Amino acid sequence: MKLRTVGYYFRETFRSVRHHSWMTVAAIITVAISLFILGIFSLAVVNANQVATGLVSELEIAAFLRVDTPPEVVAQVGDAIRRVPGVQEAILVPKEEGLQQLAAQFGEQHDLLQALGGVNPLPDYYRVKAVAPDRVESIARSIERINYVESVNYGRDVVGRLLEVAAWVQWLGMAAVVMLAVAAVALVANTIRLAVMTRAREIAIMKYVGATNWFIRWPFFLQGLFLGLVGAGVAVVCLYWGYNWVIARMQLALPFLPLVTGQEIVLQLVGLLVLLGMVVGSLGSLISVRRFLQV
Amino acid sequence: MKLRTVGYYFRETFRSVRHHSWMTVAAIITVAISLFILGIFSLAVVNANQVATGLVSELEIAAFLRVDTPPEVVAQVGDAIRRVPGVQEAILVPKEEGLQQLAAQFGEQHDLLQALGGVNPLPDYYRVKAVAPDRVESIARSIERINYVESVNYGRDVVGRLLEVAAWVQWLGMAAVVMLAVAAVALVANTIRLAVMTRAREIAIMKYVGATNWFIRWPFFLQGLFLGLVGAGVAVVCLYWGYNWVIARMQLALPFLPLVTGQEIVLQLVGLLVLLGMVVGSLGSLISVRRFLQV
Amino acid sequence: MIQFYNVTKIYPTGVYALRDCTAGIEKGEFVFLVGPSGAGKSTFLRLIFREELATRGQVLVGGRSVSRLRPREVPLLRRQIGVVFQDFRLLEDRTVYENVAFAMQVLERPSKEIRQRVPRVLQMVGLAARANIYPQHLSGGEQQRVAIARAIINTPPILVADEPTGNLDPDTAWDILQLLLEINKGGTTVIIATHNREIVDRLQRRVIALGQGRILRDEAKGVYRREA
Amino acid sequence: MIQFYNVTKIYPTGVYALRDCTAGIEKGEFVFLVGPSGAGKSTFLRLIFREELATRGQVLVGGRSVSRLRPREVPLLRRQIGVVFQDFRLLEDRTVYENVAFAMQVLERPSKEIRQRVPRVLQMVGLAARANIYPQHLSGGEQQRVAIARAIINTPPILVADEPTGNLDPDTAWDILQLLLEINKGGTTVIIATHNREIVDRLQRRVIALGQGRILRDEAKGVYRREA
Ligand SMILES: Nc1ncnc2c1ncn2[C@@H]1O[C@H](COP(=O)(O)OP(=O)(O)OP(=O)(O)O)[C@@H](O)[C@H]1O
Ligand SMILES: Nc1ncnc2c1ncn2[C@@H]1O[C@H](COP(=O)(O)OP(=O)(O)OP(=O)(O)O)[C@@H](O)[C@H]1O
Ligand SMILES: [Mg+2]
Ligand SMILES: [Mg+2]
């Protein structure tokens, strides 16, 4: 391959893109739409996972101490809890605070302590956080065995359910993203094949005039690369804008939701999409051309 | 238009589908993938809405009565509450039951009533359900004004948040479904246009031989209808199977989630998708042909 | 039947294909259109069946200006005109039989008539044995004869043939010409653009000679000759 | 240079295009291939540049069997052969200039050489004024001349022309024939399938006559005539 031929490949790619502008536009539209949908969906899945995990990780274990626990032992029990593997933090809620919380539930006008005859019947307890939601159950069982711990409460049901839901969200999300990626590749490959098919006659003529397969392939490869790049570019620009717009609005409206705002993940996704577009575009062209080179 | 010409249209459609099998397959693939994604997404959105609404509707208002409410008045208050517009039900939780619940929180080994010196300091309260989650706040305010109601507690924060999240889920879901529908139409129209373009020369020849526009259009229309129908058929069959498969599994694993299992909604969606496929296929063909009839 | 009044055709590429041409062809005439390559013969014919519109001047067919036809009248005009295209323009996804039958289907003729007439016409152009073959699988001359069969199948009032013997050997060409003369005897106006000197000289019919877009010569019993 | 040994070609449609043909063409010869429409002339030529493969028998070009070439050797064979196709086969998305230049680009010739040679050859076929026009906007004869220009641009060792004058008027046809004779004088082996009786009879060169796929006649100084 001579250098001037490389020049020819690029000029030819440019000429072809311009001349078959209809095909070019059609292919770019398909790439852009496919990758845009794939991107949006990926971001939705990442966010759903994050929200689900966030919800689960807000769950806490309440470890109630015996009512007769001597005050000097309370801190030791706390240390014992913190030594349980998987515990992230353990915060003491003294019985006075517990009573206040209880009173708040019933309405504030109402002096519960007085109603109780000045005796606080509640125990001290520790609010314990786990490093990961799936550790909650084993941690609870370990804490139960510590001296002076009367009982442990961790919303067995809720944790279980949330964990299960989170697992399904993750699983289904992954499946959907993989499926969408396959669909995007199929759609793009399909369109490119149609576009190449319309040039079957041209490819045959080139072969009869003595062109080698690679002489014909290179411009198609470059064109596919170009289509993929432009299509993916359109997709990621829309995606980036659209996502930031929606996320900004959602963060204002729902500040408590742990949405994915880190630019890195978006940029990573952008990179992946552009790569995918280029690979599918160029390889799709090459593979589509193959069939028509057999003359 | 003579009857024999109608026969020609159908034979011609069949011939064309068979002869341009490659184009036909490509168009069917595009229709199938596009509508499948649209369908899956629609079902996902419907489910997300249902789950979100389900969560919100589980919320209750607790209406605490004054500790000194005479026992004969308690039922009257209940009636007053039930008369508040938007209240679905109001269940009395007597103070004894309240104490038991409280005790359960602290662990059962522990006799709370005894610790309290035999006096139950808790008030009676009503658990009130609203007909719709967005009525909760106004109901709470009405109940507060009823005599003998000491205070009302309805997790102001949680209700608000859940409502907001549910609204966003609904809003974003709708937006996504509309966007996907537009994308599906664009992808299908794009492919059909490419397929029709490859027959531009043929269309011109027909015109030169004296064919009227509708003589040329009908077979294209029928072919588009056929493509749309078959593509949509493939999509809905996959969708129906896939959805039932996933839903059956999820219901086993997450029986508490209020998933959409009613066949009607799925069948409705199926109908819509098939309709969309046929409309886009046939109109897409007609519109694509238009451009090439100007000779 | 066909009148050209001061017709000038300039293609979008800027090429002057016809310059100020005036000519009249009567019903039932048999006319040869001759001239060197690029003289404007095909353009002349295209103006008749309205593949192209005149840039200036008027083309009348059957007394009506083709450029003033409403879109829905154009197919009606074209059904009056059988055309043999220089580049054949056969439908690639139809067999020889279907290509020829198509011209009758367009007119919504009864299937029975189609089934009878198509084989007869294929026989006339010597392609009876090729009826179920696709045009891509025919030799150049066979394709040309399919194009001729399609043009004559409806025995149209006007027959326009662009270089109908360019890919045929002299004997077959002569047979085809006999066929066209036969059709002409039935009242069809026939216009043939050709380079076939042998045939033009032998038949001694009306000859319109074009050169660089101008009508150089219009003789009732003309021959093919080099223009000055 | 080119040998056919008992070559039979049966197309997938079941048509016998050539039956048991044996012939040899030496380097530097100038050969006319004649015969009625569908006789197998184009098939004969297609076998040479390996558009088709013989069903039985051997075709040797430059001493090598074309059916035994490895896929990567096929382009090398075709670069030895300039082809004028009966249906022209011009690239529709390239101008006349680009179509002709393409045959040089395939050989990776220097751009400077291309820029010099292409206009010269377009001049030779009389299309200098049409260089930047797309083939769809040319007359039939102009397209044919582009095809001829593309075939001769590389002055290949073998030139194969299928009906190269079918769309040309006698004068232009004669000019083109002079061009081909010129190239033949330079050592190129030229094989022309034609129906042009005038030219064959006037030049009195070797004539191979085909009929229904058989070689009926192979004369060193032949004429075009009707076979028995
Ligand atoms: N579709 C077109 N668009 C632009 N220019 C055209 C078109 N068709 C023909 N021309 C130009 O118009 C001129 C006349 O062309 P036309 O096809 O009428 O010639 P012709 O007499 O039929 O020649 P030939 O014998 O080679 O077929 C030519 O110079 C050609 O380049
Ligand atoms: N690609 C093809 N596929 C199938 N059959 C073909 C093909 N090309 C030609 N034939 C058949 O083979 C026979 C010989 O064809 P060929 O093209 O060699 O004839 P030809 O001598 O070139 O005729 P013409 O002068 O009409 O061009 C014909 O009967 C034709 O129908
Ligand atoms: Mg012409
Ligand atoms: Mg031939």
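Just so we're clear, the structure is a prediction, and the values are computed from it rather than from any experiment.

Asks: Please set out the site of ligand 1 residue by residue, giving values where relevant.
Replies: Near ligand 1 you find 22 residues, and of these Ser42(C), Thr43(C), Arg130(D), Ser139(D) and Glu142(D) are the closest. Per-site note: the chains with residues close to ligand 1 are chains C and D. In this structure, Ala39(C) approaches ligand 1 through a main-chain N or O atom, which is 3.2 Å from an oxygen atom. Contact distances for ligand 1 include 2.5 Å between an oxygen atom and a side-chain N or O atom of Thr43(C).

Asks: Can you explain the domain arrangement of chain C? Please cite residues and give values.
Replies: Residue and element names in this part refer to chain C. When cut into domains, chain C gives domain 1 (1-80 + 156-228) and domain 2 (94-152). With 14 residues of domain 1 in contact, the opposing surface of domain 2 contributes 11 residues. Carbon and sulfur atoms make up 72% of the surface buried where domain 1 meets domain 2, a total of about 970 Å² over both sides. Considering only the side of domain 1, the residues that lose the most area to domain 2 are Arg79, Asn167 and Leu179, jointly responsible for 43% of the buried surface there. Here domain 1 is connected to domain 2 by 0 salt bridges. Connecting domain 1 to domain 2 are 3 residue pairs in polar contact (both at pLDDT 80 or more). Here the side of domain 1 that touches domain 2 gets 5 residues from one element, more than from any other, and that element is helix 6 (residues 170-185). Classifying every residue of the side of domain 1 that touches domain 2 by side-chain character gives 8 nonpolar, 4 polar and 2 charged.

Asks: Before we move on, can you summarise the interface of chain A and chain D with the specific residues and values?
Replies: Taken together, the contact between chain A and chain D spans 23 residues of the former and 23 residues of the latter. Taken together, both faces of the contact between chain A and chain D bury some 2100 Å²; the carbon and sulfur share is 56%. The three residues of chain A that bury the most area against chain D are Arg4(A), Tyr208(A) and Val209(A), which together make up 31% of that side's buried surface. Across the contact surface, chain A and chain D share 3 salt bridges. Across the salt bridge formed by Asp93(D) and Arg199(A), the nearest N and O atoms sit 3.7 Å from each other. Along the contact surface separating chain A from chain D lie 10 residue pairs in polar contact (both at pLDDT 80 or more). Ranked by residue count, the leading element in the side of chain A that touches chain D is helix 1 (residues 3-19) of chain A, at 7 residues. Of the residues in the side of chain A that touches chain D, the class split is 9 nonpolar, 5 polar and 9 charged.

Asks: Could you give an account of the pattern of salt bridges, with specific residues and numbers?
Replies: A full pass over the atoms with the stated rule returns 44 salt bridges over all chains. Glu73(C) is the salt-bridge partner of Arg64(C), the closest N and O atoms lying 3.1 Å from each other. Salt bridges sharing common partners tie together Glu12(A), Arg15(A), Arg199(A), Glu202(A), Asp93(D) and Arg94(D).

Asks: Tell me what's going on with the coordination of the magnesium ion (ligand 3), and back it up with residues and numbers.
Replies: Angles at a metal have ideal values that depend on geometry: 109.5 degrees with four tetrahedral donors, 90 or 180 degrees with six octahedral donors. Residue and element names in this part refer to chain C. Distances from the magnesium ion (ligand 3) to its protein donors, namely Ser42 (OG) and Gln86 (OE1), fall within the range 1.8 to 2.2 Å. Taken together, the positions of Ser42 in helix 1 (residues 41-48) and Gln86 in the loop between strand 6 (81-84) and helix 3 (96-106) put the pair 44 residues apart, joining distant regions of the chain. A relative accessible area of 17% places Gln86 in the buried class.

Asks: Which residues make up the sheet that holds strand 10 (residues 214-219) of chain D, and what values do they have?
Replies: Residue and element names in this part refer to chain D. Strand order in this open sheet of 6 strands is 6-7-8-3-9-10, and the pairing throughout is mixed. Each edge of the open sheet is held by one strand with a lone partner, namely strand 6 (81-84) and strand 10. Across the sheet, the mean angle separating the axes of adjacent strands is 15 degrees when strand polarity is ignored. In terms of strand pairing, strand 6 meets strand 7 (residues 158-162) through 4 bridges, oriented parallel. Residue pairing in the sheet places Val84 in a bridge with Ala161 of strand 7. This element, helix 5 (residues 140-152), spans strand 6 and strand 7 of the sheet and lies at about 175 degrees to strand 6. Lying on the sheet, helix 6 (residues 170-185) is in contact with strand 3 (30-34), strand 7 and strand 8 (189-193); it crosses strand 3 at an angle near 135 degrees.

Asks: Pulling in residues and values, what's your account of the site of ligand 2?
Replies: With respect to spatial proximity, 21 residues lie near ligand 2, and among them Arg130(C), Ser139(C), Glu142(C), Ser42(D) and Thr43(D) are the closest. Ligand 2 sits at the junction of chains C and D, each of which supplies nearby residues. One of the backbone nitrogen or oxygen atoms of Gly140(C) is found 3.3 Å away from an oxygen atom of ligand 2. Take Lys41(D): an N or O atom from its side chain is 2.7 Å from an oxygen atom of ligand 2. Notes on ligand 2: free accessible area 620 Å², of which the protein chains cover 97%. Elements represented by at least two residues in the shell around ligand 2 include exactly helix 5 (140-152) of chain C together with helix 1 (41-48) of chain D. With 4 residues, helix 1 of chain D is the single largest residue contributor to the shell around ligand 2.

Thresholds applied
Residues numbered from 1 in each chain as written. Chains lettered and ligands numbered in written order. Predicted model: local features only at pLDDT ≥ 70, side-chain atom pairs only at ≥ 80, totals over all residues. Heavy atoms only, no water. Near = heavy atom within 4 Å. Polar contact = N/O pair within 3.5 Å; in protein donor to acceptor, adjacent residues only side chain to side chain. Domains from an automatic or database assignment. Contact = heavy atoms within 4.5 Å. Buried area = accessible area lost by both parts, 1.4 Å probe. Salt bridge = Lys/Arg side-chain N within 4 Å of Asp/Glu carboxyl O. Helix = DSSP H or I, 4+ residues; strand = E, 2+ residues; numbered from the N terminus. Nonpolar A, V, L, I, M, F, W, Y, C, P; charged D, E, K, R; others polar. Donors = N, O, S within 2.8 Å, 3.2 Å for Na, K, Ca; no water. Buried < 20%, exposed > 50% of the residue type's maximum accessible area, 1.4 Å probe, protein only. Pairing = 2+ DSSP bridges. Axes fitted to C-alpha atoms, helices over the stretch in contact; angles between N-to-C directions. Areas by Shrake-Rupley, 256 points an atom, 1.4 Å probe, with all protein chains shown as cover.

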